[in-house]
Amino acid sequence: MKSEYKELDNLLILKITEEIDHHTTEKIRRKMDNEITRYMPRKILLDFNEVSFMDSAGIGLLIGRYKTSRLIGGTMEIVNATPAVKKVLEMSGVTRIIKITEGQKIV
Amino acid sequence: MRGLYDNEMKLEFLSKSSNEAFARITVAAFASQLDPTIEEISDIKTAVSEAVTNCIIHAYEDEEGIVKVVTRLINNVVEIEISDSGKGIENIELARKPLYTTKSNLERSGMGFTIMESFMDEVNINSVVGIGTKITMKKAIKKEEVQETISEEKNTKLIV
Ligand SMILES: Nc1ncnc2c1ncn2[C@@H]1O[C@H](COP(=O)(O)OP(=O)(O)OP(=O)(O)O)[C@@H](O)[C@H]1O
Ligand SMILES: [Mg+2]
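Residues numbered from 1 in each chain as written. Chains lettered and ligands numbered in written order. Predicted model: local features only at pLDDT ≥ 70, side-chain atom pairs only at ≥ 80, totals over all residues. Heavy atoms only, no water.

A.B. asks: Tell me what's going on with the overall build of chain A, and back it up with residues and numbers.
C.D. replies: Of regular secondary structure, chain A possesses three helices and five strands. Taking 107 residues into account, the globule formula puts the C-alpha radius of gyration at 13 Å, and chain A, at 12 Å, falls close to it. Its C-alpha atoms put chain A at 35 × 30 × 25 Å along the principal axes. Within chain A, buried positions represent 52% of all 107 residues. Put simply, 68% of the contacts in chain A that link residues at least 6 apart link residues at least 24 apart. When the accessible surface of chain A is totalled, it reaches about 5300 Å², and 48% of it is carbon and sulfur. For chain A, the centre of its 18 positive side-chain charges and the centre of its 15 negative side-chain charges are spaced 3 Å apart. (Helix = DSSP H or I, 4+ residues; strand = E, 2+ residues; numbered from the N terminus. Rg over C-alpha atoms; globule rule 2.2 N^0.38 Å. Buried < 20%, exposed > 50% of the residue type's maximum accessible area, 1.4 Å probe, protein only. Contact = heavy atoms within 4.5 Å. Areas by Shrake-Rupley, 256 points an atom, 1.4 Å probe, with all protein chains shown as cover. Lys, Arg positive; Asp, Glu negative; His and termini not counted. Charge placed at Lys NZ, Arg CZ, Asp CG, Glu CD.)

A.B. asks: How would you explain the interface of chain B and chain A if you had to name every residue and give the values?
C.D. replies: Facing 25 residues of chain B, the contacting portion of chain A comprises 20 residues. Contact between chain B and chain A buries roughly 1700 Å² in total, counting both sides, with carbon and sulfur atoms accounting for 54%. Area buried by chain B at its contact with chain A is led by R24(B), E107(B) and F119(B), which between them contribute 29% of it. Applying the counting rule to chain B against chain A returns six salt bridges. One salt bridge in this structure joins E107(B) and R29(A), with 2.8 Å as the shortest N-O distance. Top contributing element to the side of chain B that touches chain A by residue count: helix α2 (residues 38–59) of chain B, with ten residues. Here the side of chain B that touches chain A is built from residues that sort into seven nonpolar, ten polar and eight charged. (Buried area = accessible area lost by both parts, 1.4 Å probe. Salt bridge = Lys/Arg side-chain N within 4 Å of Asp/Glu carboxyl O. Nonpolar A, V, L, I, M, F, W, Y, C, P; charged D, E, K, R; others polar.)

Encoded structure:
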């Protein structure tokens, strides 16, 4: 995972760079939580451009981080989701609470 | 002599989370003999990952056990059997329901079976408490009509 904090906008960009399954989530969760508690951002952008695989473990991970972001009064968005990941996000209903934005190049 | 199936493979591995990626990639590579689309392959990968992960987290919990995966190709259908000798499922009806999980403390979403059912054509659950669980999933690989279009295009090119 790579991260970038833009102080001016109070924006935290987290770019996930591995497949998201039960095996990888614990590490990703720890890193995300570290960055979120460090910066307390108003807005979190999750860049999924390099996530080629995600299963239900990712849904739990995302909903958990979404709750944290709400607790600190911020928002969360997913950008650049690949088709396979988008399908899981849409069918599970995650997109009803976390918005997916398309075609942005950020990091 | 020709067997009952066109092709078959079997995997057995320890219930370690590092084997989740191994299992889904191996099944996908085997199924690719049927020439699936990228979307069909990723559907299969996701469903396998769900069933294998369930064996590791729910069936064996903190113990180590064996997960078995059998994949068969029958005409254009991929049939995948994923089984464990773990604790079994008490209420299968309930387990299938979206958002139902017995491990919500671990940030599980309870969407595993829902994903398997939506990404595969058929999902059967056989389970006996104290004995184990076997999930059987089937997916037909659609033969595309794209081929016709390609040959038409070729003809056009030849004429030109
Ligand atoms: N192989 C298994 N052995 C024993 N119990 C199982 C097995 N597979 C599933 N279950 C039970 O069925 C429930 C539902 O499974 P499902 O995969 O839908 O959700 P989950 O694994 O709890 O969460 P998620 O898959 O979203 O991370 C589980 O919580 C568990 O109680
Ligand atoms: Mg599951």
